[in-house]
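# Architecture at a glance
Here is how the chains run, residue by residue.
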Amino acid sequence: MKRKLISLILSAVMAVSLVGCGGAGDDGTTAGTSTDTPTKSESDNVDTPASAPSDDAQSLTVWCWDSFNVDAMKKAGEIYTADHPDVTINVQETVSSDIQTLIQTYAMSGELNALPDIFLMDDQVFAKYLQNYPDVFADITDSGIPFQDFAESKVANSVKDGKNYGVPYDSNTVIACYRTDYLEQAGYSIEDLTDITWDEFIVIGEDVLAKTGMPMLTNVQGEPDLLNMILQSAGISVFDENGGISLVDNEGLKEAMRVYLKLIDTKILQEQTDWSGYQGSINNGTVVGTINGSWICATIMTTDQTQQEGNWAVTNMPKLNDYAGATNYSAQGGSTWAVSSTCDNFDLAMDFFKTTWAGSTAFYDSILKDLGAIATYLPAAGSDAYNEPSAFFGGEAIYSKIVSYGNEIPKINKGIYWKEEKEALGTALTNIVNSVPDLDNVTDEDLDNVIAEAQATVQFNIGQ
Amino acid sequence: MKSNGKRNTGLTINQKQGLTGWFFLLPAALLIFAMNFYPMLQALVLSFKTGIGNNQVWGGLDNYARLLQDKVFHTAIINNFFYLLIQVPVMLVVAIILATLLNKKDLKCKGLFRTMIFLPCCTALVSYSIIFKTLFAYDGYVNTVLTNMGLISERINWLGQVSTAKVIIIIALIWRWTGYNMVFYLAGLQNIDESLYEAARIDGAGPVKAFFKITVPLLRPTILLTTIMSINGTLQLFDESVNLTNGGPANSTLTMSHYIYKASFEYNPQFGYAAAMSYVIFILVAILSFVQMKVGDKR
């Protein structure tokens, strides 16, 4: 009898612990892929929207990554629920690559009801998901959202066949940020780095390196983001009009690559192992600056205020020497809000967007001031907050500067094979860096070989 | 059989007990079939289809033919075999030596040593990969120590150079799995009679000779087991490739499983192609294990 009792109790304990374990088991499994964002995530089960839309309890579920974006969306939620107390905006932090994997998995398995109402998606992959999984996205062309109030190049990222599928979010205008104290040490000011060419930049960079021991730029090794920025700044497309890959016989590409390789050769560009190494190099002050999308301001501003406040400045990036069509402006990254096709409260979502993201300059002011999130909503650029000087950046009104840059970005052909192209170019760069001893004198033949291989790889991936 | 006059139309006791056994096995067998074998069949069917995302059309052996031309896949296979041919022998040799050392009767703190060597196996794959990545970063611990000790004048970019990235993965794998294999060998060693070693000592054999002539041959089944498991594991390597090097500089540490993940979730999704690649891994593991069994198992 005693043995039966003990075994019964043990079985009950085991059953309870199994049930308890089942819910908490998700954390470790999805962390595997990229380390783009510094924050951890829990891509748990998503609440499915309320089955019957009732006026009493309406809610919207939102997926987005990074504490900055989460806070921005929460702020929008607060503004909206102040006027609509029966609505809840439920924001769930999910890493960008997880959002992509989840969207894809749900779309493939037909489980579209598990999608959130609203999700954030990287601009660079938006077209890919729009083309491959069109059932996921809701058409919001005729919802009354004023798309003309957003920067044209940003809206274009989420447009297919003339229909809109997304509300643009953060600005991807490229800026160059430098530590003015290091520059001063070497005898330069921020004006010396404004509206210059890469050749001039390299001369300055070598001087700064010699006098301060600091490299001018930093990036993540093996990732051709800087190369892609240089390409776009000169209007050089790696895709042709039909979205096919066009790397071979692309003279602009070779010139851009030579500039990039020279930066590595002269040690002006220091490559970090991964994203957290990249952020570390900025925050620890071991580099003079970086060139990236304006969203990098958020990272820069998280450093120790007392040490670096007032010692940063923003300007435009160097241009590709005398290449025809070269400019000092480019775009990198950025993201867009999308609404899923299974959103039960579609009208609510549209009203929410029209009131906050596509209608309230006060909202953009608050996220700018508190979070450093720069938007592409054009009416917001005229507000006071955008013209306020930033103490961190040496007392300059950087936000209006950045928004003004946004108008000058050259348009290039985009395609759905961005990820494949990025990896192929990254491989090409790494191969040259590892195989050619003298990066200053890379022959045309070396470049042609790696470019041909990159093109073959991407074409192989396209040819399905 | 019943011995009275009536014919026995029911089941024999043996048959009844057999049926009972089958009934107990049935739920688990059905689950395994539904969760394991049926998806494997579905994957096989998927590997015969081509197309992006949900647009799958029948393609026959197109995916397999495509594999023959995929340079990145060839690189991935070569990487896997590189790890296999270098890491597995080194790890198993170290494991067997450690097991022999830790099996000595009069060694103090045996339990402590065994635990310490086995502990790496208990770490999560993702965590240890990320920590190794941090250790070998450009301004990481290893570079700092080596520079301070004066062994290198300039920091080495361990994970950024094609030549050293593979080495880091091999070091990480050896660190993690040696203890695991050592435990298997320890268990196998318990079955070897001490008297054999005594006899060898009396005959004048040194420890090295005893090791090669007694330990290794008698551990043969265990060695076979660990080799097959290691080959299986190395061919399916994923976590280290993703978290330590992310495919490595220019795909130099990319493994087949990582490439499958990329083809499915990072590139424009080619699920049929990815399924074909998984079957290639399956066939490779099956062939290698078969060869192993033939060569190693004399039973």
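Criteria and thresholds
- Residues numbered from 1 in each chain as written.
- Chains lettered and ligands numbered in written order.
- Predicted model: local features only at pLDDT ≥ 70, side-chain atom pairs only at ≥ 80, totals over all residues.
- Helix = DSSP H or I, 4+ residues; strand = E, 2+ residues; numbered from the N terminus.
- Buried ≥ 20, exposed ≤ 12 C-beta atoms within 10 Å, placed from the backbone.
- Pairing = 2+ DSSP bridges.
- Axes fitted to C-alpha atoms, helices over the stretch in contact; angles between N-to-C directions.
- Contact = placed C-beta atoms within 7 Å.
- Core = buried A, V, L, I, M, F, W, Y, C linked by C-beta atoms within 7 Å.
- Nonpolar A, V, L, I, M, F, W, Y, C, P; charged D, E, K, R; others polar.
- Domains from an automatic or database assignment.
- Parallel < 35°, antiparallel > 145°, perpendicular 65-115°, else oblique.
- Left-handed = near helix turned anticlockwise from the far one by under 90°.
- Arc of directions from axis to C-beta.
- pLDDT = per-residue confidence, 0-100.

## Things to note about the overall build of chain B
Each helix and strand counted, chain B has 13 helices and two strands in total. In terms of overall dimensions, chain B has a C-alpha envelope of 100 × 70 × 30 Å along the principal axes. Considering chain B as a whole, with its 299 residues, one finds that 30% of them fall into the buried category.

## Focus: the sheet that holds strand E3 (residues 118–122) of chain A
Strands in a sheet are paired, the pairing made by backbone hydrogen bonds, and the direction either parallel or antiparallel. Residue and element names in this part refer to chain A. The strand order across the open sheet built from five strands is E2-E1-E3-E12-E6, with neighbouring strands paired in mixed fashion. The strands lining the two open edges of the sheet, one partner per strand, are strand E2 (87–93) and strand E6 (166–168). The sheet shows a mean angle of 25 degrees between the axes of neighbouring strands, direction not considered. Of the pairings in the sheet, the one linking strand E1 (residues 58–64) to E2 comprises seven bridges and is parallel in character. By the bridge assignment for E2, Val 62 is matched with Val 91. Where helix H2 (residues 67–83) meets the sheet, its contacts fall on E1, E2 and E3, and the angle it forms with E2 comes to roughly 175 degrees. Of the strands in this sheet, E1, E2, E3, E6 and strand E12 (335–339) are in contact with helix H13 (residues 346–355), which crosses E1 at around 65 degrees.

## Overview of unusual backbone geometry
Residues and elements named next belong to chain A. For Asp 195, which is not glycine, the phi dihedral falls at a positive 55 degrees. Along the chain, Asp 195 falls in the loop between helix H6 (180–185) and helix H7 (198–212). Judged by the 13 C-beta atoms lying within 10 Å of it, Asp 195 is partly exposed. Phi angles above zero are rare outside glycine, and Asn 321 is one such case at about 45 degrees.

## Regarding the nonpolar core
Counting residues in each nonpolar core, the largest one holds 131 residues, and the members touching the most others are Ile 230, Ala 256 and Tyr 260 of chain A. The contacts of Ala 256 of chain A, once residues within four sequence positions are left out, are Leu 227, Ile 230, Leu 231, Ile 236 and Leu 320 of chain A. One finds Ala 95, Phe 136, Leu 173 and Ile 223 of chain B within the second-largest nonpolar core, a separate group that totals 26 residues.

## Notes on the interface of chain B and chain A
Across the boundary between the two partners, chain B contributes 29 residues, which contact 30 residues of chain A. Those elements giving two or more residues to the side of chain B that touches chain A turn out to be helix H3 (71–101), helix H5 (125–135), helix H11 (239–245) and helix H12 (256–266) of chain B. Per-element tally for the side of chain B that touches chain A: the top contributor is H11 of chain B, with three residues. Across the side of chain B that touches chain A, the residue classes break down as 14 nonpolar, 10 polar and five charged.

## Description of the domain arrangement of chain A
Residue and element names in this part refer to chain A. Domain boundaries assigned for chain A yield domain 1 (58–172 + 333–383) and domain 2 (174–331 + 410–462). The C-alpha-based centres of domain 1 and domain 2 are spaced at 29 Å. Taken together, the 14 residues of domain 1 in the interface contact 12 residues of domain 2. Per-element tally for the side of domain 1 that touches domain 2: the top contributor is helix H4 (residues 123–132), with five residues.

## Some thoughts on the sheet that holds strand E11 (residues 312–315) of chain A
All names here are of chain A. The sheet built from three strands is open, its strands ordered E10-E7-E11 with antiparallel pairing. At either margin of the open sheet sits one strand with a lone partner, and together these are strand E10 (289–293) and E11. Adjacent strand axes in the sheet meet at a mean angle of 25 degrees, parallel and antiparallel pairs treated alike. When strand E7 (residues 174–179) meets E10, the two strands line up antiparallel, connected through five bridges. Bridge pairing in E10 links Cys 177 to Thr 290.

## Brief notes about the packing of H12 of chain B against helix H13 (residues 271–296) of chain B
All names here are of chain B. The contact between H12 and H13 brings their axes to 8 Å, and the two run at 170 degrees. Taken together, the axes of H12 and H13 lie roughly antiparallel to each other. The element H12 and its partner H13 pack so that their crossing is left-handed. When H12 is examined against H13, the residues Met 256, Tyr 259, Ile 260, Ala 263 and Ser 264 are found in contact with a partner set consisting of Phe 271, Tyr 273, Ala 274, Met 277, Ser 278 and Ile 281. The class makeup of the residues in the contact of H12 with H13 is nine nonpolar, two polar and no charged.

## Some remarks on helix H15 (residues 398–406) of chain A
The complete set of buried residues in H15 of chain A reads Ile 398, Tyr 399, Ile 402, Val 403, Tyr 405 and Gly 406 of chain A. The buried residues of H15 of chain A occupy an angular sector of 155 degrees when projected down its axis, which confines them to one face.

## Here we look at the environment of Ser 143 of chain A
Residues and elements named next belong to chain A. Among the secondary structure elements, Ser 143 is positioned in the loop between H4 and helix H5 (152–155). Taking the C-beta count within 10 Å as the criterion, Ser 143 has 19 such neighbours and is therefore assigned partly exposed. When the C-alpha atoms of Ser 143 and Ala 234 are compared, they prove to be 36 Å apart, with 91 residues separating the residues in sequence.

## Re the domain arrangement of chain B
Domain annotation for chain B reports domain 1 (13–46) and domain 2 (62–296). Averaged C-alpha coordinates put domain 1 of chain B and domain 2 of chain B at centres separated by 34 Å.

## Structural notes on the confidence of the model for chain A
Here chain A averages 82 in pLDDT, and 90% of its residues register 70 or above. A low-confidence stretch, residues 23–56 of chain A (pLDDT under 50), is modelled with 60 contacts involving residues beyond four sequence positions or located in other chains.

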